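So the chains spell out like this:
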Amino acid sequence: MEFSKETRKKFEQVLQRYPRKEAALLPTLYLAQEEFGYLSAEVVQYVAELMEIPAPRVYGVATFYTMFNKEPVGRYHIQVCSNVSCALRGVEQLVEYLKEKLKINVGETTPDKKFTLSTVECLGFCDNSPAMQINDDYYSDLTRDKIDEILEKLK
Ligand code: FES
């Protein structure tokens, strides 16, 4: 396992932005997730060797942040904010709605590997809650109708 030529080049560029190799761990984990889809134990080990950092430290960082996937996810990773502002604006009912609609529970992926549903901490859209993220796109002021619209476009 190793980075493609293109990712390796991005990695070298990332390293130049930091005074110490270890400081580039987060962007390197992003690159690894982009390249390999998720941060398996094998990927964590690879990043640790690449960055000359003990693997448990890399694992600690990878598991601390919810934006890093520790398991394979579907083509569309739906991450719904479950923090205070969103909770006060009824996100729990929307999560239930998504579970019914996708026929999966939180933490699961649809059998066709299209959707994974997760709940996460604040996405920074508190003033327009409830909010969710699907891959790199953010959606706020969610309602059932809005969710229908969004999912319809992903089909
Ligand atoms: S609490 Fe949900 S976006 Fe901040």
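Here the structure is a predicted model, which is why all the values come from computation and not from measurement. Every chain is numbered independently, its residues counted from 1 as its sequence is written. Totals for whole chains, interfaces and linings use all residues, but because this is a predicted model, local features are given only for residues with pLDDT of at least 70 and pairs of side-chain atoms are given and counted only at 80 or more. Based on all heavy atoms of the structure, the side-chain values leave hydrogens and waters out of the count.

Draft legend 1. Here's a closer look at the overall build of the protein chain. Only DSSP runs of H or I with at least four residues qualify as helices, and only runs of E with at least two residues qualify as strands; both kinds are numbered from the N terminus onward. Scanning the protein chain from terminus to terminus reveals seven helices and four strands. If you list the helices and strands of the protein chain from N to C, you get α-α-α-α-β-α-α-β-β-β-α. Here the protein chain holds 155 residues, and the buried ones make up 41% of them. Residue contacts follow a heavy-atom distance rule, with two residues in contact if any of their heavy atoms lie within 4.5 Å. Long-range pairs, those at least 24 residues apart, make up 59% of the contacts in the protein chain with a sequence separation of at least 6. Surface accessibility of the protein chain: about 9300 Å² in total, with carbon and sulfur atoms responsible for 49%. Residues counted as positive are Lys and Arg, residues counted as negative are Asp and Glu, and His and the chain ends are not counted. In plain terms, the charge of a residue is placed at NZ if it is Lys, CZ if Arg, CG if Asp and CD if Glu. The centroid of the 20 positive side-chain charges in the protein chain is displaced by 3 Å from the centroid of its 24 negative side-chain charges. Throughout this description, buried means an accessible area under 20% of the type-specific maximum (1.4 Å probe, protein chains only), exposed means over 50%, and partly exposed covers the range between. Shrake-Rupley sampling with a 1.4 Å probe provides the accessible areas, and residues are treated as covered by the protein chains on show and by no other component.

Draft legend 2. Representation of the domain arrangement of the protein chain. Taken domain by domain, the protein chain comprises domain 1 (5-64) and domain 2 (76-153). What fixes the domain bounds is an automatic or database domain assignment. Centre-to-centre, using C-alpha coordinates, domain 1 lies 28 Å away from domain 2.

Draft legend 3. Broad picture of the side chain of Thr-116. Positionally, Thr-116 belongs in strand E2 (residues 115-120). In terms of polar contacts, Thr-116 uses its side chain to reach the backbone amide nitrogen of Gly-74, at 2.5 Å. Once residues within four sequence positions are removed from consideration, Thr-116 is found in contact with Val-73, Gly-74, Tyr-76, His-77, Ile-78, Glu-108 and Thr-109. Two N or O atoms count as a polar contact when they lie within 3.5 Å, although within protein this holds only if one can serve as hydrogen donor and the other as acceptor, and sequence-adjacent residues are included solely when both atoms are side-chain atoms.

Draft legend 4. Representation of the pattern of salt bridges in the model. A side-chain nitrogen of Lys or Arg and a carboxyl oxygen of Asp or Glu constitute a salt bridge if their distance falls within 4 Å. Throughout the structure, instances matching the rule amount to six salt bridges. For Glu-12, the salt bridge identified is with Arg-8, shortest N-O distance 3.1 Å. Residue Glu-12 and its partner Arg-8 are located together in helix H1 (residues 5-16), separated by four residues, close to a single helical turn. Classification of Glu-12 as partly exposed rests on a relative accessible area of 34%. Across the pair Glu-52 and Lys-21 runs a salt bridge, and its minimum N-O distance is 3.8 Å.

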